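# Secondary and tertiary structure notes
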Amino acid sequence: MATEGAGNLASGSWRVELGSCAGQRMLSSERLALPDYEYLAQRHVLTYMEDAVCQLLENKEDISQYGIARFFTEYFNSVCQGTHILFREFSFIQATPHNRASFLRAFWRCFRTVGKNGDLLTMKEYHCLLQLLCPDFPLELTQKAARIVLMDDAMDCLMSFSDFLLAFQIQFYYSEFLESVAAIYQDLLSGKNPNAVIVPTSSSGQHRQRPTLGEAGMLEGVEASLFSQCLENLCDRHKYSCPPLALVKEVLSNVQRLTFYGFLVALSKHHGINQALGALPDKGDLMHDPAMDEELERLLAQVPGLVNSVTAGSEASCLPSRTPPRVGSPWRPLHHIRKVDAESDGSTEETDESET
Amino acid sequence: MIPGKYRSVSGRATNNVNCGLHLVIQTSSLPEKNKVEFKLHKETPSFPGRLLQHDLERNYSSRQGEHINLVSSSMPSFPILQRSSEEKILYSDRLTLERQKLTVCPIIDGEEHLRLLNFQHNFITRIQNISNLQKLIFLDLYDNQIEEISGLCTLRSLRVLLLGKNRIKKISNLENLKSLDVLDLHGNQITTIENVNHLCDLRVLNLARNLLSHVDNLNGLDSLTELNLRHNQITFVRDVDNLPSLQRLFLSFNNISTFESVCCLADSTSLSDITFDGNPIAQESWYRHTVLQNMMQLRQLDMKRITEEERRMASVIAKKEEEKKRESHKQSLLKEKKRLTINNVARKWDLQQQRVTNIATNQDGKDSDSPSQDPCQVDGSTISAFPEETGSLDSGLSNALQGLSVTDTYLVEVDGDTLSLYGSGALESLDRNWSVQTAGMVTTVSFTFIEFDEIVQVLPKLKIKFPNSLHLKFKETNLVMLQQFNALAQLRRIDQLTVDPQGNPVVSFTLWKYYVLFRLSHFSMQKINGTEVTQNDMIMAERLFGILAHVASSELPQYRLISILGDARKKQFRYLLESKGKKPGIVNEENNDSKRLAGENTNRATLNYTTRDFYNEKLEEIKEKKKFCKTYIEDLVKEATEINMKNEALQKLWPQMFIELVRDAVIEIRNKNSYMKLCLQKITDQK
């Protein structure tokens, strides 16, 4: 049983790995150069395998009723589709780049309507929305994202959805990278030799401080070329995901000097980085999601029924789950074209099962 | 002539029975009559001025025939009175100088044996020239213009002193009149009762129509049986309980408005007749029975006999009154206690909040270096700060309160259809056995100063115990996140939701109302924070969050759906286990209920709320599982890769091995004969 399971896992995770490392290209020779175990770990296959078993343990009774093989199939399918992060704990959501991208995309899909409505919201309110998808989402990250939008001041200002989302994307997806960058920036500011910089650890971000006013008054920020060199250095060593170096250089080449937040704003507004990250559509299309709009229209059509009577309301609210059309997996319309096989029928049946 | 005068006086008095007072003075020292009857005039308004004038004139003219000569004496101002010897013999002990237009007291010579002297209706301004009449018992100065009591200090045997209708401002100079029996001072300008404490034989004191504002300083008047205080401005009466013989007290036409201001009357054991008519108090509905109840000894009130029936009624009413009063006292006590408790809870809450935020900022790290407060110290300061609050109360209440409320940290109150809970301790009250009626009545439940997470834990109880609750109110409950509203979805029904901005930061969000409408759409809510929910609101809510629900329901993988809904069910189950011991009957029903709930809104049910503690607990659990999974997978993968490696190595070796094997076999059978021999040998050896 155990080995059989492992075999299943391996075959399932293969596809995930292909999907998950969309941005990165790995030569087969590199693959062979690494021992199998390390290779699997590096590709986060192990993370998903562990999580799958964990989920299985969580709901042993229920899952064993409808089949363990079925469970694994579904698990890895959901990982591919990016729906596996819905309502999961933060530690899992940030565990892999794929998870982060999936979360960003889920956030965009779910709350696009809020942005479309034109409401400007506060940082706290955005945080609440994030917490609707991830109950233990840390406030700190949201704060940092808001700092990018608001240039580090007036934290209770209102922000537009797209501004926040793009800034949040950079902050969330590259959070470790940004911490290292912050450390480098500080070192540059204080005049240390940047090339002798010790590899920054994740904790180094904590002693980041605003430059003192006098300094900032005279010459704000650091020299772009020097900064760029350091970042190149960093990207080479960095074990977490970094934005494509070419694009970073492009951002830095346009200016002479820049501040940390200036850099972050430039990153968040950079079209290419957004594309390379691949979670969100282009800025212009942020409010555009025809499939979901269609769905929403259908939902809205049911609202009057809701008002008229309680029973009708409850029935109506059941409807969408009974007829989940699976309008393509969420990833499909964007960058990866994936075949949706006949599994959608099976999952529909099971949805019904779960309701009883 | 003098008896005639008496008759006429009494005759006049009979016209005026209501305001006259019939006095009987027993004076054995009067020889020809054991009883001297006379009338004290207390009420002058019944004698209009003109009549009086007429009377006076008539009397005066009739006097002309009397053999009394007022002769101017050698002293310039004082007339000297002389009577004929005949008259002296006839009325040796009495002298009447009524209506003689006297402006001063005449010198009365050779009349030392006089016992009765009458100066009624003159214009005397000062009492003079009578100090030699030491046997005088009866002195009538009614209707004169006397401004001060004086010249009486030698009249030690004086028993009746009538000074009504004068201009006296002050009771004074009565020190030597120790045997005074009747003192009439009505119709003067006296403002206080004073200098009478030595009159231990005084039986009648008339102070009607004066300017008294209150009654006290009455001790020493041990024989006083009648006290007339009508037509003053008295607002309160004291000291009456120090009058052991007092039987009749007339307080009509004063300014008494409460029974408390005359409550000393209740302590008088001798009092049998009292009047209060013409006082504000007499207008009160409770007046008669209150007086009767408090003064059991009374026989007459406002000139009416008190019947047994009336007394019984009074006692019944009084008992009711008493109960009512006690009730209202209790109520005000409760009200006060409520106020204090709420204050106390509020203070606790504030401290707690501060602590929470302190910890939060500490966790936040960076700029807060102040250590979080020691919780013990916090508790201590709460208690010590409490008595200050009670200082403002009136002492009676606070005395009663001090024992009660210091320890109270929560409050539960049912007021009509509203159940109000203050402080987290109040949540325990949901475990109480509420009567079916009370529970059914409650449609509004209000939470104040309670952490929302704590409320969430009792919502299932609320659902069972108060099935009709339709309106939930939250104030100071730390509602900070939209997802917290998810918890309310498990209730049976909500029509109205009121979330006070105070202590609930979530209300400052523009989206909160729509989220509530969206998440609780299966209740079809009527009002949120007092505003009617419109169709447009519903549509807006759906427009904003519909996709979230759609994504949550249709895109959530099956195993997650099970896990999330399972949690909700588990929570329910956990509660059921708790309540099972108490009420086994409900369990089945509740089970169905939870099933229905699970089926009711699957597309939204995935949006649920677990309290922070519960969530952390779960995370902890997951962490443990994860650890196990990690090692398990590690082992598996290592095993698999090892097998894989061995397999690959085997694959590499196998061709060579095969060749070697074949070669060995070929070499072995190259010499056929010897091989055959060998084989045969083997076979025989086996046998």
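Computed from a prediction, not measured in an experiment: that's the story for all the values here.

Conventions used here
Numbers given to residues run from 1 along each chain, matching the order in which its sequence is written. A letter from A marks each chain and a number from 1 marks each ligand, given out in the order of writing. Local features in this predicted model are restricted to residues of pLDDT 70 or higher, and side-chain atom pairs are both shown and tallied only at a pLDDT of 80 or more, whereas totals for entire chains, interfaces and linings draw on every residue. For the side-chain quantities, the full set of heavy atoms in the structure was used; hydrogens and water were omitted. Under the scheme used here, helices are H or I runs from DSSP no shorter than 4 residues and strands are E runs no shorter than 2 residues, and both carry numbers assigned from the N terminus. Burial classes follow relative accessibility: with a 1.4 Å probe on protein chains only, a residue under 20% of its type's maximum area counts as buried, one over 50% as exposed, and anything between as partly exposed. Residue contacts are counted whenever heavy atoms from the two residues lie within 4.5 Å of one another. Each accessible area is a Shrake-Rupley estimate made with a 1.4 Å probe; only the visible protein chains count as cover when residues are assessed. In this scheme Phe, Tyr and Trp rings, the latter by its six-membered ring, pair at centre separations within 6.5 Å, and the angle between planes marks the pair as stacked below 30 degrees, edge-to-face above 60, and tilted otherwise. UniProt positions are given in the numbering used here, feature names are shortened, and annotations may be inferred rather than shown by experiment. Here, a salt bridge means any Lys or Arg side-chain nitrogen found within 4 Å of an Asp or Glu carboxyl oxygen. Residues adjacent in sequence count toward polar contacts only when both atoms are side-chain atoms; beyond that, a polar contact is any pair of N or O atoms within 3.5 Å, and within protein one must be able to donate a hydrogen and the other to accept it. As used in this record, nonpolar core signifies buried Ala, Val, Leu, Ile, Met, Phe, Trp, Tyr and Cys residues forming a set joined through side-chain atoms within 4.5 Å. Every helix has an expected span of 1.5 Å times one less than the residues it contains. Working note: the arc is built from the helix axis to C-beta atom directions. Strand pairing follows a simple DSSP-based rule, namely that at least 2 bridges must link the two strands. Residues enter patches when their relative accessible area tops 30% and they take part in no salt bridge; the joining distance is 9 Å for like charges and 5 Å for the nonpolar side chains Val, Leu, Ile, Met, Phe, Trp and Tyr. Working convention: axes come from line fits to C-alpha atoms, limited for helices to the stretch in contact. Angles between N-to-C directions cover 0 to 180 degrees. Small angles under 35 degrees read as roughly parallel and large ones over 145 as roughly antiparallel, with 65 to 115 read as roughly perpendicular and the rest as oblique. Under the scheme applied, nonpolar residues are Ala, Val, Leu, Ile, Met, Phe, Trp, Tyr, Cys and Pro; charged residues are Asp, Glu, Lys and Arg; polar residues are all the others, including Gly. By convention, orient the strands away from the viewer: a clockwise path from the first strand over the helix to the second makes the crossover right-handed. In a left-handed crossing the near helix is turned counterclockwise from the far helix by less than a right angle, and in a right-handed crossing that turn is clockwise. Our working definition of a disulfide is a cysteine sulfur pair at a distance within 2.5 Å.

## Side note on the overall build of chain A
Looking only at helices and strands, one finds 21 helices and two strands in chain A. For chain A, buried positions account for 52% of its 356 residues. For chain A, the proportion of contacts with a sequence separation of at least 24, taken over those separated by at least 6, is 68%. When the accessible surface of chain A is split by element, carbon and sulfur atoms take 53% of a total near 16,300 Å².

## Some words on the overall build of chain B
For chain B, the count of helices and strands is 16 helices and 25 strands. Contacts in chain B between residues at least 24 apart in sequence constitute 49% of all its contacts with a sequence separation of at least 6. Accessible surface, chain B as shown: approximately 34,800 Å² in total, 52% of it carbon and sulfur.

## Looking at the packing of aromatic side chains
Residues and elements named next belong to chain A. The full count for this structure, using the stated rule, is 35 aromatic pairs over all chains. Summarising the aromatic geometry, the rings of Tyr126 and Phe164 are spaced 4.2 Å apart at their centres and angled 10° between planes, so their arrangement reads as stacked. Placement of the pair is Tyr126 in helix H9 (residues 123-133) and Phe164 in helix H11 (residues 161-173), with a sequence separation of 38 residues. The class for Phe164 is buried, based on a relative accessible area of 0%. Relative to Phe263, the ring of Phe227 has its centre 5.3 Å away and its plane inclined at 80°; by these criteria the two rings are edge-to-face. Here Phe227, found in helix H14 (residues 224-237), pairs with Phe263, found in helix H16 (residues 260-269); they are 36 residues apart in sequence, far enough to count as distant. For Phe227, a relative accessible area of 0% translates into the label buried. A relative accessible area of 0% places Phe263 in the buried class.

## Section: the UniProt feature "coiled-coil region" (unreviewed entry) in chain B
Feature annotation in UniProt assigns "coiled-coil region" (unreviewed entry) to the following positions: residues 306-339 of chain B. Each end of residues 306-339 of chain B is marked by a C-alpha atom, and these two atoms are 46 Å apart; helix forms 94% of the span and strand 0%.

## Structural notes on the pattern of salt bridges
All names here are of chain B. Here the structure, examined in full by the defined rule, presents 28 salt bridges over all chains. Between Lys513 and Asp537 there is a salt bridge whose closest N-O contact spans 3.9 Å. On the criterion of sequence distance, the pair formed by Lys513 in helix H10 (residues 512-519) and Asp537 in helix H11 (residues 535-554) is long-range, its members being 24 residues apart. For the salt bridge of Arg663 with Glu660, the shortest nitrogen-to-oxygen distance reads 3.8 Å. Placement of both Arg663 and Glu660 in helix H15 (residues 612-668) is noted, with a separation of three residues, approximately one turn of the helix. According to the relative accessible area criterion, Arg663 is partly exposed, its value standing at 48%.

## Focus on the side chain of Asn274 of chain A
All names here are of chain A. By the secondary structure assignment, Asn274 is in helix H17 (residues 271-277). Polar contacts involving the side chain of Asn274 include one to the main-chain carbonyl oxygen of Pro281, which spans 3.0 Å. Beyond its immediate stretch of four places on either side in the chain, Asn274 contacts Leu166, Gln169, Ala279, Leu280, Pro281, Asp282 and Lys283.

## A short note on the nonpolar core
In this structure, Phe111, Leu129, Phe227 and Phe263 of chain A together with Leu488 of chain B are the most contacted members of the largest nonpolar core, which totals 150 residues. Apart from the residues within four sequence positions on either side, Phe227 of chain A is in contact with Val181, Ile184, Tyr185, Leu188, Val222, Leu252, Leu258 and Phe263 of chain A. Residues Leu95, Ile130, Leu251 and Val291 of chain B belong to the second largest nonpolar core, which totals 68 residues.

## What about the environment of Phe466 of chain B?
Residues and elements named next belong to chain B. Mapped onto the elements, Phe466 comes out in the loop between helix H9 (452-465) and strand S22 (471-475). Phe466 gets classed as buried once you look at its relative accessible area, which sits at 1%. Setting aside anything within four residues of it in sequence, one finds Phe466 in contact with Leu419, Leu430, Trp434, Ala439 and Val442.

## Observations regarding H14 of chain A
One turn of an α-helix holds 3.6 residues; hence residues three or four places apart share an orientation. Residues and elements named next belong to chain A. Taking 1.5 Å per residue as the helical rise, H14 with its 14 residues ought to reach 20 Å, and the 20 Å between its terminal C-alpha atoms agrees with that figure. Of all the positions in H14, only Ala224, Phe227, Ser228, Cys230, Leu231, Leu234 and Cys235 are classed as buried. Looking straight down H14, one finds that the buried residues subtend no more than 165° of arc, so they occupy a single side. For H14, the elements touching its buried residues are helix H12 (175-189), strand S1 (222-223), helix H15 (245-253), strand S2 (257-258) and H16.

## Comments concerning the sheet that holds S22 of chain B
Residues and elements named next belong to chain B. Taken together, seven strands build an open sheet; the order of strands is S19-S20-S21-S22-S23-S24-S25 and the sheet is mixed. At either margin of the open sheet sits one strand with a lone partner, and together these are strand S19 (411-415) and strand S25 (531-532). Of the pairings in the sheet, the one linking strand S20 (residues 418-422) to strand S21 (residues 444-448) comprises five bridges and is parallel in character. In the sheet register, Leu421 faces S21, and the bridge partner there is Phe447.

## Structural notes on a nonpolar patch on the surface
A surface patch of nonpolar side chains, about 570 Å² in accessible area, is lined by Leu653, Trp654, Met657, Phe658, Val662 and Val666 of chain B. By secondary structure assignment, the location of Leu653 of chain B is in helix H15.

## Some points on the sheet that holds strand S7 (residues 116-118) of chain B
Strand pairing in a sheet is mediated by backbone hydrogen bonds. Such pairs are either parallel or antiparallel. Residues and elements named next belong to chain B. Pairing is mixed in the open sheet, where eleven strands are placed in the order S5-S7-S8-S9-S10-S11-S13-S15-S16-S17-S18. The sheet is open, and its two borders are formed by strand S5 (94-96) and strand S18 (304-305), each paired with just one other strand. Pairing of strand S15 (residues 248-250) with strand S16 (residues 273-275) involves three bridges; the strand directions are parallel. Looking at the pairing, Leu249 lines up with Ile274 of S16.

## Description of the packing of helix H8 (residues 97-116) of chain A against H11 of chain B
To characterise two packed helices, one gives the angle between the axes of the helices and the distance between these axes. For the pair H8 of chain A and H11 of chain B, interaxial distance at closest approach is 7 Å and the crossing angle is 175°. The angle between H8 of chain A and H11 of chain B places the two elements in the roughly antiparallel class. Two secondary-structure elements touch here, H8 of chain A through Arg109, Cys110, Phe111, Arg112, Thr113 and Val114 of chain A and H11 of chain B through Arg543, Leu544, Phe545, Ile547, Leu548 and Val551 of chain B. Each residue belonging to the contact of H8 of chain A with H11 of chain B can be placed in one class, and the counts come to eight nonpolar, one polar and three charged.

## Thoughts on the pairing of S19 of chain B
Bridge count between S19 of chain B and S20 of chain B: five bridges; the pairing is antiparallel. Within S20 of chain B, the position partnered with Val414 of chain B by the bridge is Leu419 of chain B.

## Quick notes on the pairing of S22 of chain B
All names here are of chain B. Note: S21 against S22, five bridges, orientation parallel. By the bridge assignment for S22, Ser446 is matched with Lys473. The β-α-β motif built from S21, the intervening H9 and the parallel element S22 has right-handed crossover chirality. Strand direction decides the pairing type here: S22 and strand S23 (residues 496-499), joined by four bridges, are parallel. The residue of S23 that forms the bridge with Leu472 is Leu497.

## A few points about the packing of helix H4 (residues 45-58) of chain A against helix H6 (residues 68-81) of chain A
Residue and element names in this part refer to chain A. Where H4 meets H6, the closest approach of the two axes is 11 Å, and the angle between their N-to-C directions is 130°. The pairing of H4 with H6 is recorded here as oblique in orientation. Judged by the twist between their axes, the crossing of H4 over H6 is right-handed. Contact with H4, carried on its side by Tyr48, Asp51, Ala52, Gln55 and Leu56, involves Ile68, Phe71, Phe72, Tyr75, Phe76 and Val79 of H6 and no other residues of that element.

## Some words on the state of the cysteines
All names here are of chain B. Enumeration according to the criterion identifies zero disulfides over all chains in this entry. Free of any disulfide, Cys263 has its nearest neighbouring cysteine sulfur in Cys264, separated by 6.1 Å. For Cys263, a relative accessible area of 40% puts it in the partly exposed group.

## Remarks on unusual backbone geometry
The backbone phi angle of Phe87 of chain A is positive, close to 60°, even though this residue is not glycine. Mapped onto the elements, Phe87 of chain A comes out in the loop between H6 and helix H7 (90-93). Backbone geometry places Asn529 of chain B, a non-glycine residue, at a positive phi of 50°. In this structure, Asn529 of chain B sits in the loop between strand S24 (527-528) and S25.

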